[in-house]
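A structural walkthrough
Chain residues, written in single-letter form:
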Amino acid sequence: MVERAADELRRGLPVRLQREGGALLVMAAEYANPSTLELYDGLVDDSFVLLTNNRAAALKVAGEDWPVVRINRPGWMTAKDIVAMADPTLDLSTPLKGPFQRVNHASTDLDVAAIKLAKLARLLPAVIAAEVGPDAEVGHPVLDVDASDVLTADEAQAVQLKQVAAARVPLAGAENTRLIAFRPLAGGIEHIAILIGDPDRSKPVLMRVHSECFTGDLLGSMKCDCGEQLRGAIKAINDAGGGVLLYMAQEGRGIGLVSKLKAYALQDQGYDTVDANTRLGFEVDERIFAPAAEMLKGLGISSVRLMTNNPLKVEGLEGYGITVAERVAHSFPTNPHNAQYLETKKSRTGHIL
């Protein structure tokens, strides 16, 4: 049901989030249009925009450190204004925003679930919302989803990961390789285990958790070091006699490809990779490591030598029951296009470089 609800948001349709005692009708803010606002105006006296605290702070809305902030929708606020609130790549072209007024309403599970659903849909974390009855008529059928299911979706999908396909795929630098696909039982994004050789599972297995990077892995982008890390890890694991690389569908540290491109656009305006993510409304890193841990368990691997420069990956795997016997450094020389990116990872996100 959560996957279906996320798909509805991606199509620009409303979804009703429910919990005992209340419900929110939500639509993606980046798809706001006059018809959207007419829908809400015809249902309730008051609707509002939900933003993360990070995005609200960027818009100079005083907060209370609530994870999600309700913003009043006064009469002057048009659909174009709402889209600009959600999308910081429009900040320069729409500089005179607001002033916006925060609703004095602490974040609820429904508020947090609404933003979480937008993230699961790989959309910007901003929605138009209104409190409605559980049976409110909205002019056409609307999908209902339980807020608690949305809030626990990541963990639930990780636990449900199952091997659904495997094949031998010789790679440059590692000819004795099998690709093993993992998919949640309820559907969703597949992750791939790249099993190189036949590692001895009685000892810590050399491995890397690699988040997919379309621009770096496939196109050879010089803005990051992802492609070098991917190919370097495959070669190093093969040279060491075998191991595994988990290729995780967590583009852009979990924000998705489109949002990552928006972050790149903000970097062109002078923001570093950390500030670009938070200005978009995301956390610095949206990934969780439960899927990677479950994949390792599915492969019969409980102890690893982890190739990473990120201590959070060590903590993440260990937090889900995988023993990290050793952190193996895994870095490559900078180039003129990624030097600042790598320096930011070192100085602001704790990477050991």
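All of the points below concern the structure found in this document. (Residues numbered from 1 in each chain as written. Predicted model: local features only at pLDDT ≥ 70, side-chain atom pairs only at ≥ 80, totals over all residues. Heavy atoms only, no water.)

**Remarks on the overall build of the chain**
Quick note on the threshold: Numbering of helices and strands runs from the N terminus, with a helix taken as a DSSP run of H or I at least four residues long and a strand as a DSSP run of E at least two residues long. A radius of gyration in this sense is built from C-alpha atoms; the matching globule rule multiplies 2.2 Å by the number of residues raised to 0.38. Note on exposure labels: buried denotes an accessible area under 20% of the residue type's maximum, exposed denotes more than 50%, and partly exposed covers the range between, all computed with a 1.4 Å probe on protein chains only. Contacts are assigned to residue pairs that have any heavy atoms within 4.5 Å of one another. Here the open area of atoms and residues is found with the Shrake-Rupley method and a 1.4 Å probe, where only the protein chains shown may cover a residue. Note that His is not counted, nor are the chain ends; the positive residues are Lys and Arg, and the negative ones are Asp and Glu. Note on charges: their place is set at NZ of Lys, CZ of Arg, CG of Asp or CD of Glu.
Within the chain, the secondary structure is distributed over 15 helices and 13 strands. Relative to the compact-globule value of 20 Å for 353 residues, the chain shows a C-alpha radius of gyration of 22 Å, a close match. For the chain, the C-alpha atoms occupy an extent of roughly 65 × 45 × 30 Å along the three principal directions. The buried share of the chain, taken over its 353 residues, is 50%. Long-range contacts, defined as pairs at least 24 residues apart, comprise 67% of the intrachain contacts of the chain with a sequence gap of at least 6. Counting every atom, the chain has about 16000 Å² of accessible surface; 51% of that belongs to carbon and sulfur. When the 37 basic and 45 acidic side-chain charges of the chain are each reduced to a single mean position, those positions are 6 Å apart.

**Here we look at the packing of helix H1 (residues 2-10) against helix H5 (residues 109-120)**
Note the following rule: To obtain each axis, a line is fitted to C-alpha atoms, and for helices this fit is confined to the stretch in contact; angles are then taken between N-to-C directions over 0 to 180 degrees. What sets the label is the angle itself: under 35 degrees gives roughly parallel, over 145 gives roughly antiparallel, 65 to 115 gives roughly perpendicular, and the rest give oblique. Amino acids outside the nonpolar list (Ala, Val, Leu, Ile, Met, Phe, Trp, Tyr, Cys, Pro) and the charged list (Asp, Glu, Lys, Arg) are all regarded as polar, and Gly is one of them.
Two elements in contact, H1 and H5, have axes whose closest approach is 8 Å; the angle formed by their N-to-C orientations is 80°. Regarding the angle of H1 to H5, the classification is roughly perpendicular. Between H1, through Val-2, Ala-5, Ala-6 and Leu-9, and H5, the contact on the second element is made entirely by Leu-117, Ala-118 and Leu-120. Considered class by class, the residues forming the contact of H1 with H5 number seven nonpolar, no polar and no charged.

**Points about the pairing of strand E13 (residues 323-328)**
The two faces of the sheet receive side chains in turn, since in a regular strand these alternate between them. Which entries qualify depends on this criterion: One requirement defines pairing of two strands: DSSP has to find at least two bridges between them.
Sheet topology places strand E12 (residues 303-307) next to E13; five bridges connect them, and they run parallel. Looking across to E13, one finds that Arg-305 is bridged to Glu-326.

Purely spatial values, then, with no claim about function.
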